[in-house]
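# Remarks on the overall topology
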Amino acid sequence: MKITLKDGSVKEYAEAKSVYDIALEISEGLARVAAAGEVNGEIVDLRTVLDKDCTLNIVTIHDPAGLKVLRHTASHVMAEAVQRLFPDAKVAIGPAIEDGFYYDFEHAPFSREDLDNIEKEMKKIVKEGKRLERFELPRAEAIKFMEDRKEPFKVELIQDLPEDAVISFYDQGDFVDLCAGPHLMNTKNIKAYKLISSSMAYWRGDSNKARLQRIYATAFTNKEDLEKHLQKLEDAKMRDHNKLGREMGLFLTADVIGQGLPLFTPKGTKMIMKLQRWIEDLEDREWGYVRTRTPLMAKSDLYKISGHWDHYMDGMFVLNKDAEDGKEVMALRPMTCPFQYYVYMNEQKSYRDLPYRMSETSTLFRNEDSGEMHGLTRVRQFTITEAHIILTPEQAEEELTRCVDLAHHVMKTLGLEGDVSYRLSKWDPENKAKYEGDEEYWNSTQQYLRDVMNKNGISFTEEDGEAAFYGPKIDIQAKNVYGKEDTMVTIQLDCSSATKFGMYYIDEQGNKALPWIIHRTSMGCYERTLAWLIEHYAGKFPTWLCPEQVRILPISEKFADYAEKVRKALYDAGVDVTVDTRSEKIGYKIREATMDKLPYMLIVGAEEEEKGVVSVRSRFAGDEGAKSIEEFVAQITEEIRTKAIRKAADEQ
RNA sequence: GCUGCUGUGGCUCAGUCGGUAGAGCGUCACAUUGGUAAUGUGGAGGUCACGGGUCCGAUUCCCGUCAGCAGCUCCA
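Residues numbered from 1 in each chain as written. Chains lettered and ligands numbered in written order. Predicted model: local features only at pLDDT ≥ 70, side-chain atom pairs only at ≥ 80, totals over all residues. Heavy atoms only, no water.

Close contacts around RNA strand B come from 51 residues, with N242, Y312, R366, S370 and A468 the closest. Among atoms of RNA strand B positioned within 4 Å of the protein, sugar and phosphate together represent 50%. At a separation of 3.2 Å, a base oxygen of RNA strand B approaches a polar backbone atom of E607. Its residues placed into classes, the surface near RNA strand B shows 16 nonpolar, 17 polar and 18 charged. (Near = heavy atom within 4 Å. Polar contact = N/O pair within 3.5 Å; in protein donor to acceptor, adjacent residues only side chain to side chain. Nonpolar A, V, L, I, M, F, W, Y, C, P; charged D, E, K, R; others polar.)

Laid out in structure tokens, this is it:
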């Protein structure tokens, strides 16, 4: 008997065998869908004995699709283990996800001990080598089947399937699950898995529905891959800005100050100031922006005009809300838009003045739900380089391109351009009340942004329900160390706000005309960008961003004067430099400076003083040898000026 | 906002089956003045997150609050 595999290779067998046996042998337990080979154009059943040459489309568990199947099967095994240990646990759903799988149960919260016990029980099930059998039932029987097994969530799932649906189940002996498949054919092929964590999840993501316990786990084809993955999770923890940023002394929080209100230390502040000075100069001198400075709060009247009062009330901090003494109801600003509009309207503008680009380093306040705050990435007060560009409709395409270019330039300079993806954030046609404007407005503005990105050769995804209430956005997204995505930069097209505020410009015919508005950031907010930088560089920032760029390490206190001379030379050149004057051994000082992730250490002793040099030790190249003071100053100032991103050999 | 877990010197953690606490690192002082990842000795430093309850007595048990974490939901 000859079998032709998908890759063209041919296997020969002395006697007829079942597809099941062949599949098991070739793929270490492949997915059922893959096992269904084609014989003379017909899908063969697993136990069909092959008596002719055929082509078998085999997906092994080493393929991405097969790995997903492996994980999905592992979720069934986990569900069985849970029900063996906790017979009253009701099963909900258990899909494979990126990097693993989960299963939701209705049950009391699981402790770590429970998870370990479940893992042990899974081991037994794997060892038992249980075969997974697929069977199908008509809808009514399927419902009865799950009703008999007292699985209300499964019953609900089946009820939502179409009347004529073929409803399939997978039976692994003591555990049967509603499932479209495919699956591994045998539990024994699940060799490497780990229960990661458990947490609460709502049935169908609806907070009004049942509270379930979700167990997150992962599975791989072999122990090495699993170990590698677990190591990766550990490494991610080491880069986590919320941990590393605090350890490095860049920021802190205080219970009495409140959630989502980080405090920046001198070090963290220095980094933010370096970013801010750079961005402000860049925008004003090279990209044609003017700078404004507007209030952090306003009367509620302003937000009523802007639409925030109707569309964003929950997200604002409102002051004097229930005041009975006649005090004005105010709100801290959640955005800068309307404030800058009034600056625009201060003087009548001609088409010749447009595009009018107003930028502001703007502090904003957003009343996020208490469970939403995280480190520096979700906070209640943050500062952003926010601009509003007032322009004629004819200028929009070119200006939007400039905005994308500026954002790209900023990310490239920071070395972060490889981390991002672009997203067209659209309104939600299913939830029109959340947005201003009609279908035509949204379709046309969304198409406008789509065209701009296409013309600029940007690949992007599209997402419903992510737009601002006044218009669609180009969002530049980045993932954190745990794979969670955040918006870093946003560029929004707004063709409706000008009407609300009565903004206009005088066109070439001398008539009032309605401008368009671009809302955009050039860099995400400083807090979030700093978080991103910490995680991207694992704290080893490019020299220009380091709060401490050089540390001078005198061999002993005898060389304090020479160290001071070197320090002054660097300080006068604008370098952030310190001297470690403690009476510690040089090895100890080097160790500490290394752990502080300093880019440069300058060791100075008798030899150096005599020759007027410094011994350079860098994070990038280790011992760089002796250099004259002038030479090192020239080298580092050039590195800082060009914002070079030097990397060590092992960081390439 | 919801569910769960967590909160002990600056950091990492131990401990108290209820009798007001300990280590390492860091910090400070002194000695040492050194050559590329840890010199030695000594000292200081904690209302055990905060508030209430039970108890003769609470850091320990219970309740609440605040904060941190994970997840859900949300994110103009």
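Having seen the structure, we can now continue with the description.
With their axes 12 Å apart at the nearest point, helix α9 (residues 266-286) and helix α13 (residues 396-414) run at an angle of 145° to one another. Of the two elements, α9 crosses α13, and the hand of that crossing is right-handed. Note on element contacts: α13 touches α9 through L406, H409, V410, T413 and L414, opposite L275, W278, I279, L282 and E283. (Axes fitted to C-alpha atoms, helices over the stretch in contact; angles between N-to-C directions. Helix = DSSP H or I, 4+ residues; strand = E, 2+ residues; numbered from the N terminus. Left-handed = near helix turned anticlockwise from the far one by under 90°. Contact = heavy atoms within 4.5 Å.)

The next subject is the nonpolar core. Side chains that are nonpolar tend, in soluble globular proteins, to be buried together. With 79 residues, the main nonpolar core has L414, F541 and L570 as its most contacted residues. The leading source of residues in this core is α13, at 9 residues. Summarising the domain contributions, this core has at least three residues from each of domain 3 (264-294 + 334-536) and domain 5 (543-651). Among residues more than four places away in sequence, those in contact with F541 are M248, L250, M271, L533, I534, C546 and R619. Within the second largest apolar cluster, 29 residues are counted, among which are A89, L115, V126 and L184. (Core = buried A, V, L, I, M, F, W, Y, C linked by side-chain atoms within 4.5 Å. Buried < 20%, exposed > 50% of the residue type's maximum accessible area, 1.4 Å probe, protein only. Domains from an automatic or database assignment.)

Counting through the fold element by element, Q477 comes out in strand β24 (residues 473-479). Overall, Q477 belongs to the buried group, its relative accessible area being 3%. A distance of 2.7 Å separates polar atoms of two side chains, one belonging to Q477 and the other to T487.

Counting across every chain of the model gives 15 aromatic pairs. Geometrically, the ring pair formed by Y341 and F501 is edge-to-face, given 5.1 Å between the ring centres and 70° between the ring planes. Placement of Y341 in helix α12 (residues 337-345) and of F501 in helix α15 (residues 497-501) is noted, with a sequence separation of 160 residues between them. The exposure class of Y341 is buried, given its relative accessible area of 1%. On the basis of an interplanar angle of 75° and a centroid distance of 5.4 Å, the ring pair of Y600 and F632 is categorised as edge-to-face. With Y600 in strand β31 (residues 600-604) and F632 in helix α20 (residues 629-641), this pair connects stretches of sequence that are 32 residues apart. Each member of the pair, Y600 as well as F632, carries the same accessibility label: buried. Ring pairing ties together the aromatic residues W427, Y435, Y441 and W442, which thus form one cluster. (Phe/Tyr/Trp six-rings, centres within 6.5 Å; stacked < 30°, edge-to-face > 60°.)

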